[in-house]
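# Geometric and topological summary
Residues per chain are reported as follows:
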Amino acid sequence: MILSKLLHKIPVLETFGNLDSEVSEIVFDSRKATENALYVAIKGTVSDGHSYINSAIEKGVKTIVCEVLPENLPEEINFIQVKNSSKTLGKLASNFYGNPSENLKLIGVTGTNGKTTVTTLLFDIFKNLGYQSALISTVEYRIGDEIIPSTHTTPDVIRLNQMLAKAVEIGCEYAFMEVSSHGIHQDRIEGLHFAIAGFTNLTHDHLDYHKTFEEYLKTKKRFFDELPETAIAITNADDKNGNVMLQNTKAKKKTYALKTLADYHGKILEVDFNGMLLNFNGKEFWSTLTGKFNVYNLLLAFAISEELGFEQNEILQAISTLKRVKGRFETLKSDGGIFFVVDYAHTPDALENVLDSINEIRTKNERLITVFGCGGDRDHAKRPEMGKIATRKSTLAIITTDNPRTENPTEIIKEIEAGVEPQNFSKYTSIPDRKEAIKMAIKFAEPKDIVLVAGKGHETYQEINGVRHHFDDKETIVELYKLMSK
């Protein structure tokens, strides 16, 4: 693409060189620089991309976008000075790939919990309605029928535009994507045009990155603050932060709720491990999903679908055929009558939601055994909170490892144990080896008991000291139960 076209509608401070130059691709990592590429120098948290300008030029880059110009400007290189390189990258990427987010309806879902479920539900709903769509989620990326392994909840903005451009190319009319707080803060959604933004909830998470809850809140709010007037913002009115998201948005405002008045209102009529009978805006239907938190997820998906112009009856018909999202309240029932629930819950709120959902279903004649841990190199403050919740709401809690990463698993477990209340000391044990912890739960369980294995959900690995080892909770349960029931 010609450089002058690439800079269309992008504010620049100064330009040096030939704006008629051809640009072969855009990179922001000098190691990936190629002949005739455009290199964007970004000031990161770890390193400053301006330090690698010469390295990029040596690899054949002919155009540099930067905030600070080098002292000596080589004549054969084009330099574009901008106020903010990170934000400019998003607009460059959108221009380079033909602004694909403007050529389909892009729906972004943000919040602490439920993003993956809502976006996946939407993708499946629209597939059932007969539409080609794209999905960008924690579990996987999908473009029509093509499945691509996921690397980040919100990929970098170049990768995003590549996938959206491919979606447009194959005829997709909709794209559903998770919008993470990291993605917002790091400008990974800059330059994208959202038709609808949905908010699930906001609870304690990612404070290792954002440092304070207020900063985490502000980051999420920024997504809504920057929406255009043409967009629609749909938030959870039952969450105290739902209205905060709407305070400064220019978008059309809509709400959904179970407890309060809202544009989209839901009610649980019946619930068990096989699913729920629900009522949305006066219409009854059955869903194979279960748990109150999933009612919120379904309600948001319902609201978004209707705002996109579909009839309530056809949406609910599509919803009633949906299967559960992988690793989200997935249930297995053993030959011996033990119920297993595998869930991605890895925050205090998510763990409490799953435990509450199970406790609402069970008759209390069954015991509830919870296996869980906390990830290493992440928010320390949530660890004792999760210890308190798990032991308070379970018959027995088995504290184990999640993804310890570079931390000592024993130290993580100690921090979780610190939150256990004295009256619940007899209700937990600690087994650092996750496989042995699941084995202990199976050994302890009797017919009709419920075993919740929380924290990893869809993940098929366990990260220890920077190395990912194969580990799948669901697979481990099946393997161990078969071995132990022989």
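Refer to the structure printed above.
This text gives an overview of the structure that appears in the document.

## Some words on the overall build of the protein chain
- On a plain count of helices and strands, the protein chain comes out with 16 helices and 24 strands.
- Here the C-alpha atoms of the protein chain give a radius of gyration of 24 Å, agreeing with the 23 Å that 2.2 N^0.38 yields for 486 residues.
- Put simply, the protein chain has 486 residues, and 57% of those count as buried.
- The long-range fraction of contacts in the protein chain, counting pairs at least 24 apart against all pairs at least 6 apart in sequence, stands at 65%.
- Roughly 20900 Å² of accessible area belongs to the protein chain as shown, and the carbon and sulfur atoms make up 48% of that amount.
- Side-chain charges in the protein chain split into 58 positive and 67 negative, and the spacing between the mean points of these groups amounts to 4 Å.

## Brief notes about the sheet that holds strand 13 (residues 252-257)
- Strand order across the open sheet formed by 11 strands is 9-8-7-10-6-11-12-13-14-15-16, with mixed pairing between neighbours. One side of each edge strand has no neighbouring strand; the edge strands of this open sheet are strand 9 (146-149) and strand 16 (283-287). Each strand axis lies, on average, 20° off the axis of its neighbour in the sheet, ignoring direction.
- When strand 14 (residues 264-272) meets strand 15 (residues 275-280), the two strands line up antiparallel, connected through 6 bridges. What sits directly across from Gly266, in strand 15, is Phe280.
- Relative to strand 10 (residues 174-178), helix 4 (residues 115-128) is tilted by about 165°, and along the sheet it contacts strand 6 (105-110), strand 7 (133-136), strand 8 (140-143) and strand 10.

## A look at the sheet that holds strand 1 (residues 14-16)
- Strand order in this open sheet of 5 strands is 1-5-4-3-2, and the pairing throughout is mixed. Two strands in the sheet have a free side with no partner beyond their single neighbour: strand 1 and strand 2 (26-27).
- Relative to strand 3 (residues 38-40), strand 2 is paired through 2 bridges, and the arrangement is parallel. Residue Val27 lies in a different strand from strand 3, and its bridge partner there is Tyr39.

## A short note on the side chain of Asn359
- Along the chain, the position of Asn359 falls in helix 12 (residues 348-361).
- Judged by its relative accessible area of 15%, Asn359 is buried.
- For Asn359, the side chain forms a polar contact with the side chain of Arg362, separated by 2.6 Å.
- In contact with Asn359, other than residues within four places in its own chain, are Lys364, Leu368 and Lys393.

## Concerning the packing of helix 15 (residues 434-444) against helix 16 (residues 473-484)
- Relative orientation of the contacting elements helix 15 and helix 16 amounts to 50°, with a least axis distance of 10 Å. Considered as vectors, helix 15 and helix 16 are oriented oblique to each other. Like other packed secondary-structure pairs, helix 15 and helix 16 cross with a definite hand, here right-handed. Residues Arg434, Lys435, Ile438, Lys439, Ile442 and Lys443 of helix 15 form the contact with helix 16, whose participating residues are Asp473, Thr476, Ile477, Glu479, Leu480, Tyr481 and Met484.
- For the contact of helix 15 with helix 16, a count of residues per class yields 6 nonpolar, 1 polar and 6 charged.

## Quick look at the pairing of strand 11 (residues 196-199)
- Side chains Ile196 and Gly198 of strand 11 all project onto a buried face; the interleaved residues Ala197 and Phe199 project onto the opposite face, where all are buried too.
- Both strand 6 and strand 11 contribute to a ladder of 4 bridges, which runs parallel. Along strand 11, the bridge assignment pairs Thr110 with Phe199.
- Both strand 11 and strand 12 (residues 232-236) contribute to a ladder of 3 bridges, which runs parallel. Counterpart to Gly198 in the pairing with strand 12 is Ile234.

## Some details on helix 14 (residues 409-417)
- Every buried residue of helix 14 is listed here: Ile412, Ile413 and Ile416. The buried side chains of helix 14 occupy one side of the element, clustering within an arc of 100° when seen end-on.
- Next to the buried residues of helix 14 lie strand 19 (368-372), helix 13 (382-393), strand 20 (396-399) and strand 21 (428-430).
- Here helix 14 starts with a cap whose side-chain oxygen sits 2.9 Å from the backbone nitrogen of Thr410, and that cap is Asn408.

## A short note on the pattern of salt bridges
- A complete count under the given rule lists 27 salt bridges for this structure.
- Residue Glu190 pairs with Lys87 through a salt bridge whose shortest N-O separation is 3.4 Å. With Glu190 in the loop between helix 6 (181-185) and strand 11 and Lys87 in helix 3 (residues 85-96), the pair connects residues that are 103 residues apart, well separated along the chain.
- Assessed through its relative accessible area of 25%, Lys87 is described here as partly exposed.
- Among the ionic pairs, Glu421 bridges to Arg392, the shortest N-O distance being 2.5 Å. Remark: Arg392 occurs in helix 13 and Glu421 occurs in the loop between helix 14 and strand 21; sequence separation between them is 29 residues.
- The exposure class of Glu421 is buried, given its relative accessible area of 17%.

## Section: the side chain of Gln462
- Mapped onto the secondary structure, Gln462 falls in strand 23 (residues 461-464).
- If sequence neighbours within four positions are ignored, Gln462 has contacts with Thr401, Asp402, Asn403, Pro404, Arg434, Lys456, Val467, Arg468, His469 and Phe471.

Thresholds applied
Residues numbered from 1 in each chain as written. Predicted model: local features only at pLDDT ≥ 70, side-chain atom pairs only at ≥ 80, totals over all residues. Heavy atoms only, no water. Helix = DSSP H or I, 4+ residues; strand = E, 2+ residues; numbered from the N terminus. Rg over C-alpha atoms; globule rule 2.2 N^0.38 Å. Buried < 20%, exposed > 50% of the residue type's maximum accessible area, 1.4 Å probe, protein only. Contact = heavy atoms within 4.5 Å. Areas by Shrake-Rupley, 256 points an atom, 1.4 Å probe, with all protein chains shown as cover. Lys, Arg positive; Asp, Glu negative; His and termini not counted. Charge placed at Lys NZ, Arg CZ, Asp CG, Glu CD. Pairing = 2+ DSSP bridges. Axes fitted to C-alpha atoms, helices over the stretch in contact; angles between N-to-C directions. Polar contact = N/O pair within 3.5 Å; in protein donor to acceptor, adjacent residues only side chain to side chain. Parallel < 35°, antiparallel > 145°, perpendicular 65-115°, else oblique. Left-handed = near helix turned anticlockwise from the far one by under 90°. Nonpolar A, V, L, I, M, F, W, Y, C, P; charged D, E, K, R; others polar. Arc of directions from axis to C-beta. Salt bridge = Lys/Arg side-chain N within 4 Å of Asp/Glu carboxyl O.

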